[in-house]
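What follows is the residue order along each chain.
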Amino acid sequence: MNYLFATKFLNLAIKAEYVKQVKLPNTSEKQKVQIEEMVNAILQGKLSDADTSKEESEIDLLVYHLYGLTYDEVLIVDPETPITREEYNNNK
C-alpha cells in the first residue's frame with residue numbers, strides 16, 4: 001500500500017475513495033482465512049510488543065504471490081525485503 005500511495009497518490013491524504021481504486025486479487029476462502037489468521041497473529045504480537053517480523057514477511061510473501069509479482073518486482077516494492085530470491089521462488 002505504501003508503494004501505491006507513494007507512486008500513484010503522491011502526497012495526498014489517504015481517503016477511502018483512494019483505497020477503493022486498488023484492485024484486489026481473487027482469493028480462495030482458504031487464502032482469506034490464512035491472511036486473517038496471519039493479521040490476527042501480528043496484531044496480537046504488536047499488543048505484547050513481540051517481534052512480528054517473521055509473520056510480516058510471511059504475509060508479504062503471500063500477498064506478493066497473490067498479485068503475481070516476480071522477485072524483481074518485489075524488490076521494486078520493497079527494496080529491503082528480508083525474503084531471498086530462493087525463498088520467494090520456492091514458496092509459489
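Heads up: the structure comes first, above all this text.
To start, this report covers the structure provided alongside it. (Residues numbered from 1 in each chain as written. Predicted model: local features only at pLDDT ≥ 70, side-chain atom pairs only at ≥ 80, totals over all residues. Heavy atoms only, no water.)

Attention now moves to the side chain of serine 57. Mapped onto the elements, serine 57 comes out in helix 4 (residues 53-66). Judged by its relative accessible area of 17%, serine 57 falls in the buried class. For serine 57, the residues in contact, after removing those within four places along its chain, are Pro82 and Ile83. (Helix = DSSP H or I, 4+ residues; strand = E, 2+ residues; numbered from the N terminus. Buried < 20%, exposed > 50% of the residue type's maximum accessible area, 1.4 Å probe, protein only. Contact = heavy atoms within 4.5 Å.)

Okay, the nonpolar core next. Judged by nonpolar contacts, Leu61, Tyr64, Tyr71, Val74, Ile83 and Tyr88 together constitute the single largest core of 6 residues. For this core, the secondary structure elements donating two or more residues are helix 4 and helix 5 (71-77). Not counting chain neighbours up to four residues away, the residues in contact with tyrosine 88 comprise Leu61, Tyr64, His65, Leu69, Thr70, Tyr71, Val74 and Ile83. Counting 5 residues, the second largest nonpolar core, distinct from the first, contains Ile42, Ile59, Leu62 and Leu66. (Core = buried A, V, L, I, M, F, W, Y, C linked by side-chain atoms within 4.5 Å.)

As a further point, take helix 3 (residues 29-47). Under the 1.5 Å per step criterion, the end-to-end length of helix 3 is 27 Å for 19 residues, consistent within 8% with the ideal 27 Å. Along helix 3, the residues classified as buried are Met38, Ile42 and Gly45. Each buried residue of helix 3 lies within a common arc of 65° when the element is viewed along its axis, so the set occupies one face. Opposite the packed face of helix 3, turned more than 90 degrees from it, sit the exposed residues Glu29, Glu36, Glu37, Gln44 and Leu47. Count one or two residues on from helix 3 and you reach aspartate 49, which has phi positive near 60°. (Expected span 1.5 Å × (residues − 1). Arc of directions from axis to C-beta.)

Let's shift gears to unusual backbone geometry. Even without a glycine there, the phi angle at aspartate 49 is positive, about 60°. As for its position among the elements, aspartate 49 is in the loop between helix 3 and helix 4. Classification of aspartate 49 by relative accessible area gives exposed; the value is 71%.

With 14 residues, helix 4 should cover 20 Å at 1.5 Å per step; its first-to-last C-alpha distance of 20 Å lies within 8% of that length. All of the buried residues along helix 4 are Ser57, Ile59, Leu61, Leu62, Tyr64 and Leu66. Looking at the buried residues of helix 4, the elements they touch are helix 3, helix 5 and helix 6 (85-90). Just past helix 4, the residue glycine 68 takes up positive phi, approximately 70°.

Function cannot be read off these values alone, since they describe shape.
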